[in-house]
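Observations on chain architecture
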Amino acid sequence: MVDHLGEQFGDYRLTRKLGGGNFGDVYLGEHVKDKTPAAVKVLQERLTHSEDLKEFINEVRILFRLQHPNIVPLLDFGIERDIPFLIMAHAKGTLRQPKGTCLPQDTVVGYIKQIAGALQCAHDLKLIHRDVKPDNILLGPTFPVWLSDFGIVSIAHSSRSLNTQIGAGTVPYMAPEQIQGKPRIASDQYALGVVVYEWICGSRPFKGTAIEIAMQHSQAQPSSLCEQVPRLSSAVEQVVFKALAKDPKDRFTSVLEFAEAFALSVEQSKLRPAHQESEEQWVHEGATHCEDGGIKEAIEASNHALQFDPSSADAYNNRKLAYDNLKRYKRTIGDYDQAIALNPQDAVGYYSRGIAYYELKQYERAIEDYYQALTLNPHYANAYGGRGLCSYYLKNYWQAIQDFDCALWLDPSITWFEFEREDAYSKRGWKP
Ligand SMILES: Nc1ncnc2c1ncn2[C@@H]1O[C@H](COP(=O)(O)OP(=O)(O)OP(=O)(O)O)[C@@H](O)[C@H]1O
Ligand SMILES: [Mg+2]
């Protein structure tokens, strides 16, 4: 990229480079007469076509209509030697945090309210930001937070600096529909959801190469925030995950609504009874929720218990029951792994993990677990039954029949073994 240090753009001479981004470089500028500072964004592309010039001017005129205390004030714009530039108020810095830094929830509430206010002002004018990310959230001198680079994606497009959709915005923060080249107002809410996720737990929901991240935005569920952040309420997580919904229709109806729901969930989480001060109390609460069918609450209580005691087998037990209920078997398996590591002599742990593998149709792995359960407890009728079922699905009907025989011998009251055995016989086409 060309270095413009020392050059004059409009009434400003560029004195220092502040940084560079997807669309150009930002310099500290000094007014040639009154010496006041400003930030000068010099775009990458040259505007040589009159069409591009018109488009650029139109786009920037729209930006001048955007007046809000949380939007960085635009002071001027122009084209110098075919190079388009924007002049904006100079900020103290950005809200980009060092990797791994988490922000207190109250701080996040303060930031999200201001940014949502700025975005709502643009959304009311049917404008989409398209590039919400911490680097574009600046610390202003009077109001704490300024959103910057409004519409920079379209401006840069009008100057033809980019022609790939994946470059139009910043992939780690980009909504699935924006990645597909169909940004809409709700795409800004998604990006803000990613920013909030990152502020809460210190890392973004998806990692990898640009293509890998893009795929995950479309297909993958972000990791649970509650499992990463001590004492985070599941209500807060639910609000963030709603903003991160894959389908824009499943997000909040407006970005302001997202900010309000987030603030409310944080407020309410402070009103939670403060009496759960020990692992046992949280385990007890988790067990009660499991019984009442309060699945999300059971997971939350178990997470709290595990923060007190990461080796609490009871907490893992409650949580995996809850995951089972949600049919999140991969997570269940993770918890069974922990429970088995803590208590390797527990036949029930192996048996239960076997069921989770069975639900995931990983029959060979399920059979291994049932085998372990039977080694620890040779009278475990259900483990024979479970192994029989897996053998049945693997078309090993003879083994299935033998297992159902053992299961029935150990516990004749469990009638489904008999039905399954009949089925295995009919598949095999032979009955003694
Ligand atoms: N108004 C401003 N006042 C002070 N520093 C700024 C201002 N605008 C930008 N900067 C600094 O310049 C850096 C580069 O900004 P730039 O907008 O070019 O890149 P970016 O925000 O990282 O990416 P993108 O091009 O997607 O916006 C920013 O990270 C910030 O440190
Ligand atoms: Mg920027």
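Here the structure is a predicted model, which means the values were calculated and not measured.

Reading the values: the criteria
- Residues numbered from 1 in each chain as written.
- Chains lettered and ligands numbered in written order.
- Predicted model: local features only at pLDDT ≥ 70, side-chain atom pairs only at ≥ 80, totals over all residues.
- Domains from an automatic or database assignment.
- Contact = placed C-beta atoms within 7 Å.
- Helix = DSSP H or I, 4+ residues; strand = E, 2+ residues; numbered from the N terminus.
- Nonpolar A, V, L, I, M, F, W, Y, C, P; charged D, E, K, R; others polar.
- Buried ≥ 20, exposed ≤ 12 C-beta atoms within 10 Å, placed from the backbone.
- Pairing = 2+ DSSP bridges.
- Near = placed C-beta within 6 Å.
- Axes fitted to C-alpha atoms, helices over the stretch in contact; angles between N-to-C directions.
- Parallel < 35°, antiparallel > 145°, perpendicular 65-115°, else oblique.
- Left-handed = near helix turned anticlockwise from the far one by under 90°.
- Expected span 1.5 Å × (residues − 1).
- Arc of directions from axis to C-beta.
- Core = buried A, V, L, I, M, F, W, Y, C linked by C-beta atoms within 7 Å.

Our next topic: the domain arrangement of the chain. A common way to express how large an interface is: the accessible area buried when the components associate. Each domain of the chain was delimited in the assignment, giving domain 1 (8-88), domain 2 (93-269) and domain 3 (280-427). A straight line from the C-alpha centre of domain 1 to that of domain 2 covers 25 Å. Listed as interface residues are 23 residues of domain 1 and, on the opposing side, 27 residues of domain 2. Those elements that provide at least two residues to the side of domain 1 that touches domain 2 are helix 1 (50-64) and strand 6 (83-88). For the side of domain 1 that touches domain 2, the leading source of residues is helix 1, giving seven residues. For the side of domain 1 that touches domain 2, the class distribution of residues is 13 nonpolar, five polar and five charged.

The phi angle at Lys35 is positive, at roughly 65 degrees, despite the residue not being glycine. Taking the C-beta count within 10 Å as the criterion, Lys35 has 8 such neighbours and is therefore assigned exposed. Unlike most non-glycine residues, Lys327 shows phi in positive territory, near 60 degrees.

On to the pairing of strand 4 (residues 37-43), then. Of all seven residues in strand 4, six are buried, a share of seventy percent or more. Looking at chain direction, strand 3 (residues 24-31) and strand 4 are connected through seven bridges and run antiparallel. Each bridged residue has a counterpart across the sheet, and for Asp25 the counterpart in strand 4 is Val42. With antiparallel pairing between neighbouring strands as the criterion, strand 3 and strand 4 make up a hairpin whose turn holds five residues, including Lys35 at a positive phi of roughly 65 degrees. Both strand 4 and strand 6 contribute to a ladder of four bridges, which runs antiparallel. For Ala39, the partnering residue across the bridge sits in strand 6 and is Met88.

With respect to the element layout, Glu280 can be found in helix 9 (residues 279-292). The class of Glu280 is partly exposed, set by 15 C-beta atoms lying within 10 Å. With 22 residues separating them along the chain, Glu280 and Phe258 place their C-alpha atoms 35 Å apart.

On to the site of ligand 1. Residues in close proximity to ligand 1 total 22 residues, the closest being Gly19, Gly21, Val26, Ala39 and Ala91. Mapped onto the shell around ligand 1, the elements with two or more residues apiece are strand 2 (12-20) and strand 3. Element by element, the count of residues in the shell around ligand 1 is highest for strand 2, at three residues. Across the shell around ligand 1, the residue classes tally to nine nonpolar, 10 polar and three charged.

Right, let's get into the packing of helix 5 (residues 185-201) against helix 8 (residues 255-270). Here helix 5 crosses helix 8 at 30 degrees, and the two axes come no closer than 9 Å. Relative to helix 8, the element helix 5 lies roughly parallel. Regarding helix 5 and helix 8, the two cross each other, and that crossing is right-handed. Packed against helix 5, whose contacting residues are Asp188, Gln189, Leu192 and Val196, the element helix 8 presents Val255, Phe258 and Phe262 at the interface. When grouped by side-chain class, the residues that make up the contact of helix 5 with helix 8 number five nonpolar, one polar and one charged.

The next point concerns the packing of helix 2 (residues 105-124) against helix 5. Between two packed helices, what matters for the description is the angle formed by their axes and the separation of those axes. Two numbers describe how helix 2 lies on helix 5: the axes approach to 11 Å, and their chain directions differ by 170 degrees. Here helix 2 lies roughly antiparallel to helix 5, going by the angle between them. The interaxial crossing formed by helix 2 with helix 5 has right-handed handedness. For the pair helix 2 and helix 5, the contacting residues are Val108, Ile112, Ile115, Ala116, Leu119 and His123 in the first and Ile185, Asp188, Leu192, Val196, Trp199 and Ile200 in the second. Among the residues forming the contact of helix 2 with helix 5, the class breakdown is 10 nonpolar, one polar and one charged.

Looking now at helix 17 (residues 416-428). Between the first and last C-alpha of helix 17 there are 18 Å, a value that for 13 residues agrees with the 18 Å anticipated at 1.5 Å per step. Every buried residue belonging to helix 17 is among Phe417, Glu420, Arg421 and Ala424, and all of these are buried. End-on, the buried residues of helix 17 take up no more than an arc of 105 degrees, which puts them together on one face. Structural note: helix 17 exposes Phe419 and Ser426 on the side pointing more than 90 degrees away from its buried face. At its buried positions, helix 17 is contacted by helix 15 (381-393) and helix 16 (397-410).

As a further point, take the nonpolar core. Counting residues in hydrophobic clusters, the biggest one holds 69 residues, and the most contacted among them are Val40, Ile87, Ile112, Ile115, Ala191, Leu192 and Val196. Take this core: its biggest share by element is 11 residues, from helix 5. Both of domain 1 (8-88) and domain 2 (93-269) provide at least three residues apiece to this core. Those residues within four positions of Val196 in sequence are excluded, and the remaining contacts are Val108, Ile112, Val240 and Phe262. In this structure, Ala298, Ile340, Tyr370 and Ala383 belong to the second largest nonpolar core, which totals 44 residues.

The antiparallel open sheet is built from three strands, whose spatial order is 7-8-9. Taken across any chain shown, the strands that pair with only one partner, and hence form the sheet edges, are strand 7 (93-94) and strand 9 (145-147). Pairing of strand 8 (residues 137-139) with strand 9 involves three bridges; the strand directions are antiparallel. Directly across from Ile137, in strand 9, lies its bridge partner Leu147. Along the sheet face, helix 2 touches strand 8 and strand 9 and points at about 35 degrees away from the line of strand 9.

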